[in-house]
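Okay, here's what each chain looks like letter by letter:
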Amino acid sequence: MDLLPPPTDAPAGPASGAPGPGRGLRRGVGFRSLKLVSVSMDEALPADPVGAAYGRLANGLTYYVRSNPKPRMRAALSLAVKVGSVVEEEDERGVAHIVEHLAFSATSRYTNHDIVKFLESIGAEFGACQNALTSSDETIYELLVPVDKPGLLSQAISVLAEFSSEVRVSAEDLDKERGAVLEEYRGGRNAAGRMQDSHWTLLFEGSKYAERLPIGTEKVIRTVTHETVKRFYQKWYHLSNMAVFAVGDFPDTQAVVELIKEHFGQKAPPSLPPPIIPEFTVPSHEQPRFSCFVESEAAGSAVVISCKMPAGGIKTVKDYRDSLAESMFHCALNQRLFKISRRKDPPYFSCSSAADALVRPVKAYILTSSCREKGTVEALESMLLEVARVRLHGFSDREISIVRALMMSEMESAYLERDQMQSTSLRDEFLQHFLREEPVVGIEYEAQLQKTLLPHISSAEVAKFAENFSTASSCVIKVVEPRAHASLEDLKAVVLKVNTLEKEKTIPPWDEEQIPEEIVAQTPEPGNIVDKVEHPGIGATEMVLSNGMRVCYKCTDFLDDQVVFTGFAYGGLSELSEAEYTSCSMGSTIAGEIGTFGYRPSVLMDMLAGKRAEVGTKVGAYMRTFSGDCSPSDLETALQLVYQLFTTNVEPREEEVKIVMQMAEEAIYAQERDPYTAFANRVREINYGNSYFFKPIRISDLKKVDPIRACEYFNNCFKDPSAFTVVIVGKIDPAISLPLILQYLGGIPRVQDAVQPLSRDDLRGLPFKFPATIIREVVRSPMVEAQCFVQLAFPVVLKNTMMTEDIHYVGFLSKLLETRIMQVLRFKYGQIYSVNVAVFLGGNKPSRTGDVRGDISVNFSCDPDISSKLVDFVLEEISYLQAEGPSEEDVSTILEIEQRAHENGLQALFTSEKSQENYFWLDRILRSYQSRLFSGDIGSTFQFQEEGRAKVREALTPQTMQSALQRVLPFPCRNQYTVVILMPKSSCWASMKSLLSWSPSGVSRDAKILAGVAGALVLAVSLWRYSRSALRS
């Protein structure tokens, strides 16, 4: 298999089997011209980071500075401290994380979260652009700030300088922040947190790491004194343990270095010598450790195999070569594991292998699978067998060739976009250089190294890394089940069985599938252009093809190795009757397992090796869409997939349907175990009525699914090209790309006797209506540990006559509410960790007429004892804003946040001439087509939308926002709303115990009850990425 496309000077002809026009694109030219390097394996890699102004101040602080233009007029800043939770004493457990919280609360120059307010005032939103994390070994503060005004960069660097030595730790500061930290703690006491904590403790048994999770203990969080916190801060926050990072769009790196010296250089190191950061060892063990963890709220059954080893480092060319071979091993193994998951009666639904740097001295090879209930033992055996098969027989040359092509393609893409890397990515590379001594050699040299070394890494070299998955190499094997089925003896028996088979060499080699050479067996006859319109205002060209498909493309130079596209057509699941809905809603899932592009997913994976081309489908309530992302050189492949989508007739096969149904059943059972499910179902039932479209699918519904009808519906969704509008954005050369578009999109055959495509105005709307009265309801759900989640929702009606303005006002209002409620509930009362204000307008059909209905909801987790009180605080704050209006400062902050997001293309509602991202423009053009203002001229629609945004921005004052709050929300807001609160369901024993312990004086509920959920409550198999070892705040 060729690693790179053959060089050509002109597009190849259209004959089947020829390289195709896509080979003429320039993607590979720059990469192919890279010269190989002559290096010795013992040659040391550069110790200093390439491309950075790097040094150390006299007081011990290390600095990294680099100029980088993306995103435009932004800087990614960080302060890293080589200290985390592992250095804590017993009475300090959780203090490293508390310090990180307090840094944003008060310093010598800022108080009462004024740092947060200042950063938001310049457009750096809390959470998205100002954040921090605490892990076992380090604490990192991160800022993403604008630098387009004088003094902003200097002020932002001064904030990091405050964090380094000026954090104020008073009793009052600490008490105000305890509530937020406790809520974060409570949020981790769900099923995901319990499983992660249990596995972490087992993995590091015998080491201090096992006892020092960053979140700490509830007792310490509640009782630790400010003196203890201050002592920790003063001891460990020493400048010699820190580094400051600045990567951004500034022309003079030396000027930034001078700013760092100005703000940090005056800080004298403490009189005491810097503390020696202790090294904590993790003992190895020859015998595997086993665990059968039963978690009644688990999302499903899972198996995790973790094998620990010293972290090591990359110091020489040989180390780098070994790291490439290691990556090839995991990639090749994952290819096999995916194919096994798609076999008849597979042992697991999904399985993956990876290496992960867990803590400073240790990394681990981690093999994770999700499987059916009662299937953990079978899954474990299959996982161990596959690794043993590699140890015995290795990988085939063909497998290695596929992996080599994949990795070379990834490096080629990175090289071509080397001048378009995001500043946050470069900053994170420098962070790892400081924290882990990982080399930063520059993408140019790394591309040369990989191009030189990769072709010579043999199958045998790759296979040797399977030795690291030996059950005799500090191995930990854990199964998670919602109900106990596997025993420790079962796990031990499987290990013994596989080890015996390997010793006896009775495990057969891997059986490879035959892979077709061409995606499209017969090249279609190209269509032609019947109409063409230029839209110079947005730099786009629109065409109508001979088969009726409309195509709009925009050429950009944001990224040299990206083309993105989406095609949409009106008509979706809302058109179905209740009797057909369940079957047809499963169509995409069933078709995806069978193969929407004419080949099974496991076969297509090999066919696309070395190519960067992805295409996916979605069938929604009112539209069906296909979307793709590819390299310009692989645009032909991506368009071939679209052609296959329209011309493939997916037919259900028993084995694939069985897999889908098993996975669906497990997902439904998992939802039923999740305490959040009853809450979410009740929210939908109250706010959107009892429509079948919003009802959860039950096991009884699943048994009624007709696979034949499901596939038939999916086939019909992607059959008629004349119903579709396709938008393509990216590095497009029309001379090369247009023939491909005409051949593979224009070549999609017209449907004979096609039904007239659905008009957006004729679509069947979803039946939903917000309650006309106030509803306050508590949903009680059985829980292992108490959790509480609150949703407060208000109906939203956007009048057709005010639509172009109010659609923008809704965005501003949601951000205003989120900011003000955060200030009240977290910064004033200290009772929540985070709040989210969400807008839902997606239930409306995309008609050009009529009002738009939906809701705005306020969502947060909290202590169940005070949930109703916090709801009243929120209602009080919104009532105040409706009656008195926001402040000038509020409006200024919201405008600044929106403008910064607008410039960076972070919001889908807005656009800008300065937008730098392909996806941003893709989304904006699609929204213009789908806008109710669209009447055939996308350029005019685009202009109308921009004018609407500009008009709202210019008119935005405290008075106009107050008026919008009264117009968009019920006024007064207390007249119409719903509140649903998830609360723990008390057991009979708990209720009896409560009665027995009652006294006339009244006894409040135990203040130490663990409650709350933070963020998403849906559990996933990705639990096992050890996110518990790092906490973001």
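Here, the structure is the one placed above.
Parameters at a glance
Residues numbered from 1 in each chain as written. Predicted model: local features only at pLDDT ≥ 70, side-chain atom pairs only at ≥ 80, totals over all residues. Heavy atoms only, no water. Helix = DSSP H or I, 4+ residues; strand = E, 2+ residues; numbered from the N terminus. Rg over C-alpha atoms; globule rule 2.2 N^0.38 Å. Buried < 20%, exposed > 50% of the residue type's maximum accessible area, 1.4 Å probe, protein only. Contact = heavy atoms within 4.5 Å. Phe/Tyr/Trp six-rings, centres within 6.5 Å; stacked < 30°, edge-to-face > 60°. Lys NZ or Arg CZ within 6 Å of the ring centre and 35° of its normal. Pairing = 2+ DSSP bridges. 1 Å grid on protein atoms, 1.4 Å probe; cavity = no way out; pocket = protein on both sides within 12 Å on 5 of 7 lines; lining within 4 Å. Points joined across faces, edges and corners; volume = space filled by probe spheres on them. Nonpolar A, V, L, I, M, F, W, Y, C, P; charged D, E, K, R; others polar. Axes fitted to C-alpha atoms, helices over the stretch in contact; angles between N-to-C directions.

1. Let's talk about the overall build of the chain
Okay, so step 1: The helix and strand tally for the chain stands at 32 helices and 24 strands.
Okay, so step 2: For the chain, whose C-alpha radius of gyration is 29 Å, the value lies close to the compact-globule estimate of 31 Å for 1033 residues.
Okay, so step 3: Expressed as lengths along the three principal axes of its C-alpha atoms, the size of the chain is roughly 80 × 75 × 65 Å.
Okay, so step 4: Looking at the chain as a whole, 58% of its 1033 residues are labelled buried.
Okay, so step 5: Here the contacts in the chain between residues at least 6 apart in sequence split such that 84% fall between residues at least 24 apart.

2. Considerations on the packing of aromatic side chains
Okay, so step 1: Inspection of every chain in the model, using the stated rule, returns 35 aromatic pairs.
Okay, so step 2: Ring plane angle 80° and centroid distance 5.1 Å describe the contact between Phe646 and Phe724, whose orientation is recorded as edge-to-face. Residue Phe646 is located in helix α20 (residues 635–647), and its partner Phe724 is located in the loop between α24 (707–717) and β18 (725–730); the two are separated by 78 residues in the primary sequence.
Okay, so step 3: Ring plane angle 5° and centroid distance 4.3 Å describe the contact between Tyr829 and Phe873, whose orientation is recorded as stacked. A residue pair is termed long-range when its members are at least 10 positions apart, and Tyr829 in the loop between α26 (803–828) and β21 (835–840) and Phe873 in helix α27 (residues 867–884) qualify at 44 residues.
Okay, so step 4: Among the aromatic residues, those joined into a ring-pair cluster are Phe565, Phe626, Phe646, Phe714, Phe718 and Phe724.
Okay, so step 5: Looking at Lys82, its charged tip hangs above the ring of Phe434, at a distance of 4.4 Å from the centre.
Okay, so step 6: Taking the ring centre of Trp921 as reference, the NZ or CZ of Lys554 above it sits at 4.4 Å.

3. Some details on the pairing of strand β1 (residues 53–56)
Okay, so step 1: As defined by bridge partners, β1 adjoins strand β2 (residues 62–67) across four bridges and the pair is classed as antiparallel. The residue bridging Ala53 from the neighbouring strand is Val65, located in β2.
Okay, so step 2: Counting the residues that bridge the hairpin from β1 to β2 gives five residues, and of these Gly60 lies at a positive phi of roughly 105°.

4. Looking at empty space enclosed by the protein
Okay, so step 1: The final tally for this structure, using the stated rule, is eight cavities of 30 Å³ or more.
Okay, so step 2: If you list the elements that add at least two residues to the lining of the largest cavity, you get α10 (317–341) and α12 (397–416).
Okay, so step 3: Considering only residue class, the lining of the largest cavity consists of three nonpolar, one polar and six charged.

5. A closer look at the sheet that holds strand β23 (residues 978–984)
Okay, so step 1: An order of β19-β23-β20-β22-β21 is seen for the five strands of this open sheet, with the pairing classed as mixed. Pairing within the sheet leaves two strands with one partner each, and these edge strands are β19 (775–781) and β21. Between one strand and the next, the sheet's axes are offset by a mean angle of 20°, whatever the strand orientation.
Okay, so step 2: For β19 and β23, the ladder comprises seven bridges, and the chain directions are parallel. Its bridge partner being in β23, Glu777 is matched across the sheet by Val980.
Okay, so step 3: Packed onto the sheet, α27 meets β19, β20 (789–798), β22 (852–861) and β23 and runs at close to 30° relative to β20.

Interpretation note: all reported values are geometric properties and have no functional meaning in isolation.
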